[in-house]
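# Examining the three-dimensional arrangement
Chain by chain, the residues:
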Amino acid sequence: MKQFLFPSLILLSSYILIVSCASTANTSYPNIISEPEIIPLNPSETLTLQIQPLNNTLTFQDIDPSADDSLSRIFTEYYQNQKPNGITCTVYSPTKGIWEKQYGFCDANKAIPVTCNTKMPIGIISKIFTAMIVASLVQEGRLSYSDTVDKWFPEYDFLKKVTIDHLLRHTSGIITSELVLSNYQKNNEYISDVDIVKNTMEAYPSLLFEPGKYYHYSNTGYIMLGIISEKVSGKKMSDLFNEEIIIPLDLKSTAYSTIFLQPDFSNISFNSEGIPYINTENPANPHAAGCIVSTPNDSIKMLAAILNGTIMKKIDYLCLLDDMNKIYSSLICDVYYGRGISLIKIKVPGKEANYIGHKGGFSYFSSLLFYNQNNNTFCSIVSNQSVQSLDPLMFGLLEYFQKNK
């Protein structure tokens, strides 16, 4: 759960590094680890993405040999340049098939190879699916995006103007939980979602800004969404996730981590220097902000099921992409954030494309999951090492399909 204000990204064949510019709040709170990053929003620069439902039938046939050779060369070049300890990747095209590739190892002794079935934390990519569950509760009339969250957290007076929608869009002004020292006293010790929120509110008992005016990536907000979803549904988030996603899609390699369910997954990760860490953070601690363990193949099935209406009707999933706030802009791309999902809009002539999805991370694991709207392809990558960026690999792989429609 540590790290990641979305996004820094390395883009296209030139791999130009772009880091989102942010103003910082001047705080004097001793229990805050570092200054929170805040991005001003322009209400006139929102975007509602229109997307047609995908084909409901997912046929995961193997990709043809010529495409396999080209994609393998792109993957090998990235691996040789970045040298992550272990990495697994899946690319899926409904028309061209599925391609999977893995390199490296799960352990420091290089005895256990990474395979396509190696389960790793996908971190804050989980927010896509938390947002989907919230949207389902809204559709059922149990929640409204305009509901103020003080209804469920009355002990915090400063939340009276914060809505469900603000939490989903990271515009609430609530400081993100990973900046609070008391949330990391013992790295692998379980902390309940209620205690994380309490620790955060006590460490910073106010808002960073007026809700809706700025963007501050807040894991706290999504942990609160999990608590709210449980209260209005009468079910645990893990049960909602199982009922809405895992069971309907028959996923065998995906789990929602809880204190009662510690899934079997690769629990050794490596920092950028290659130093191994075992169980650096309890996999349940991110809660609804990012506690899902999965594989690239299963991750693509989950995102595809949202975008093709299998687990959300068209009217539902479009709400995730409604009135997205622009949080970054350059000559190369614009980046938007909606309800639990982001859009990277490439503007380079000849390479225009919309990438819909999320980036993630969890205790040195790195991950991403995106759908390229222009060539109808999915890409999911997870590495057990903190790498500079997975973006060059994703853009290289999906641009292959752009050139070979």
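Residues numbered from 1 in each chain as written. Predicted model: local features only at pLDDT ≥ 70, side-chain atom pairs only at ≥ 80, totals over all residues. Heavy atoms only, no water.

## A look at the sheet that holds strand β16 (residues 353-362)
Using the following cut-off: Two strands form a pair only when DSSP identifies at least two bridges running between them. Helix and strand definitions here come from DSSP, where helices need a minimum of 4 consecutive H or I residues and strands a minimum of 2 consecutive E residues; each element is numbered from the N-terminal end. Only C-alpha atoms enter the line fits that serve as axes; for helices the fit covers just the stretch in contact. Angles between N-to-C directions range over 0 to 180 degrees. In what follows, a contact means two residues having at least one pair of non-hydrogen atoms within 4.5 Å.
As summarised here, the arrangement of the 8 strands in space is β6-β5-β18-β17-β16-β15-β14-β13, forming an open sheet in which the pairing is antiparallel. Two strands bound the open sheet, and with one partner strand each, they are β6 (97-104) and β13 (325-329). The average angle at which neighbouring strand axes cross in this sheet is 20°, direction not considered. Pairing of strand β5 (residues 86-93) with β6 involves 8 bridges; the strand directions are antiparallel. Looking at the pairing, Gly86 lines up with Gly104 of β6. Against the sheet, helix α1 (residues 65-82) engages β5 and β6, with an angle of about 30° to β6.

## Let's talk about the packing of aromatic side chains
What counts is decided by this rule: Put simply, two rings from Phe, Tyr or Trp (the six-membered ring, in Trp's case) pair if the centres are within 6.5 Å, and we call them stacked under 30 degrees between planes, edge-to-face over 60, tilted for the rest. Type-normalised accessible area, obtained with a 1.4 Å probe on protein chains alone, sets the label of each residue: buried when under 20%, exposed when over 50%, and partly exposed for intermediate values.
Scanning the model with the defined rule gives 15 aromatic pairs in all. Relative to Tyr103, the ring of Tyr79 lies with its centre 4.8 Å away and its plane at 45°, an arrangement referred to as tilted. Here Tyr103 lies in strand β6 and Tyr79 lies in helix α1, a separation of 24 residues in the sequence. Taking relative accessible area as the criterion, Tyr79 reaches 21% and is therefore assigned partly exposed.

## Considerations on helix α2 (residues 127-139)
Our working rule: Multiplying one less than the number of residues by 1.5 Å gives the expected span of a helix.
Helix length check: α2, at 13 residues, gives a terminal C-alpha distance of 18 Å against a target of 18 Å (1.5 Å per residue), a fit within 8%. The buried count for α2 comes to 12 of 13 residues, which makes it a mostly enclosed element. By the burial criterion, the buried members of α2 are Lys127, Ile128, Phe129, Thr130, Ala131, Met132, Ile133, Val134, Ala135, Ser136, Leu137 and Val138. Note on α2: the residue one or two positions beyond its end, Gly141, has a positive phi of about 85°.

## What to know about the sheet that holds strand β12 (residues 292-294)
Two modes of strand pairing occur in sheets, parallel and antiparallel, and in both the strands are linked by backbone hydrogen bonds. One open sheet holds the 3 strands; their spatial order is β7-β12-β9, and the pairing between them is antiparallel. With one partner strand each, in any of the chains shown, β7 (120-121) and β9 (255-256) form the two edges of the open sheet. Relative to β12, β9 is paired through 2 bridges, and the arrangement is antiparallel. Residue pairing across strands places Tyr256 opposite Ile292, the latter belonging to β12.

## Section: the environment of Glu281
Formally: Polar contacts, as used here, are pairs of N or O atoms within 3.5 Å; protein pairs need one atom able to donate a hydrogen and one able to accept it. Residues neighboring in sequence count only if both atoms are side-chain atoms.
Along the chain, the position of Glu281 falls in the loop between β11 (276-278) and β12. Glu281 sits 82 residues away from Asn199 along the chain, and the two C-alpha atoms are 17 Å apart. Within the local environment of Glu281, its side chain forms a polar contact with the side chain of Ser363, the two groups lying 3.0 Å apart.

## Overview of the pattern of salt bridges
How we decide: Throughout this description, the term salt bridge denotes a Lys or Arg side-chain nitrogen within 4 Å of a carboxyl oxygen of Asp or Glu.
Across all of its chains, the model carries 10 salt bridges by this definition. For Lys326, the salt bridge goes to Glu45, with nearest N and O atoms at 3.7 Å. Of this pair, Lys326 sits in strand β13 while Glu45 sits in the loop between β4 (37-40) and α1, placing them 281 residues apart in sequence. Overall, Lys326 belongs to the buried group, its relative accessible area being 17%. Asp250 is the salt-bridge partner of Lys252, the closest N and O atoms lying 2.9 Å from each other. For Lys252, a relative accessible area of 67% puts it in the exposed group. On the accessibility criterion, Asp250 (49% relative accessible area) is partly exposed. Within this structure, Glu45, Lys326, Asp334 and Lys347 form a network of salt bridges that share partners.

## Some words on the nonpolar core
One broad trend across soluble globular proteins is that nonpolar side chains are buried collectively. We count it as follows: Take the buried Ala, Val, Leu, Ile, Met, Phe, Trp, Tyr and Cys residues and link them wherever side-chain atoms come within 4.5 Å; each set so joined is a nonpolar core.
Ranked by internal contacts, the top residues of the largest apolar core, which has 115 residues, are Phe129, Phe153, Ile164 and Ile306. Counting residues per element, this core draws most heavily on α2, which supplies 9 residues. In contact with Phe153, not counting residues within four places along its chain, are Leu159, Val197, Met224, Ile227 and Ile228. With 9 residues, the next largest nonpolar core counts Ile38, Ile175, Tyr204 and Leu208 among its residues.

## With respect to the packing of α2 against helix α6 (residues 237-249)
Here is the rule we go by: For classification purposes, an angle smaller than 35 degrees is called roughly parallel, one larger than 145 roughly antiparallel, one from 65 to 115 roughly perpendicular, and anything else oblique.
Remark: α2 packs on α6, axes separated minimally by 11 Å, with the N-to-C direction vectors making an angle of 85°. In this view, α2 runs roughly perpendicular relative to α6, as classed from their interaxial angle. Judged by residue contacts, Phe129, Thr130, Met132, Ile133 and Ser136 of α2 engage Met237, Leu240, Phe241, Glu244 and Ile245 from α6.

## Remarks on the packing of α6 against helix α7 (residues 296-307)
Two packed helices can be described by the angle between their axes and the distance between those axes. As a reminder, the rule being used: Put simply, Ala, Val, Leu, Ile, Met, Phe, Trp, Tyr, Cys and Pro go in the nonpolar bin, Asp, Glu, Lys and Arg in the charged bin, and everything else, Gly too, in the polar bin.
Where α6 contacts α7, the two axes come as close as 10 Å, and the packing angle between them is 105°. Classified by the angle their axes make, α6 and α7 are roughly perpendicular. Here Phe241, Ile245 and Leu249 of α6 lie close against α7, whose contacting residues are Lys301, Met302 and Ala305. Looking at the contact of α6 with α7 residue by residue, the classes come out as 5 nonpolar, no polar and 1 charged.

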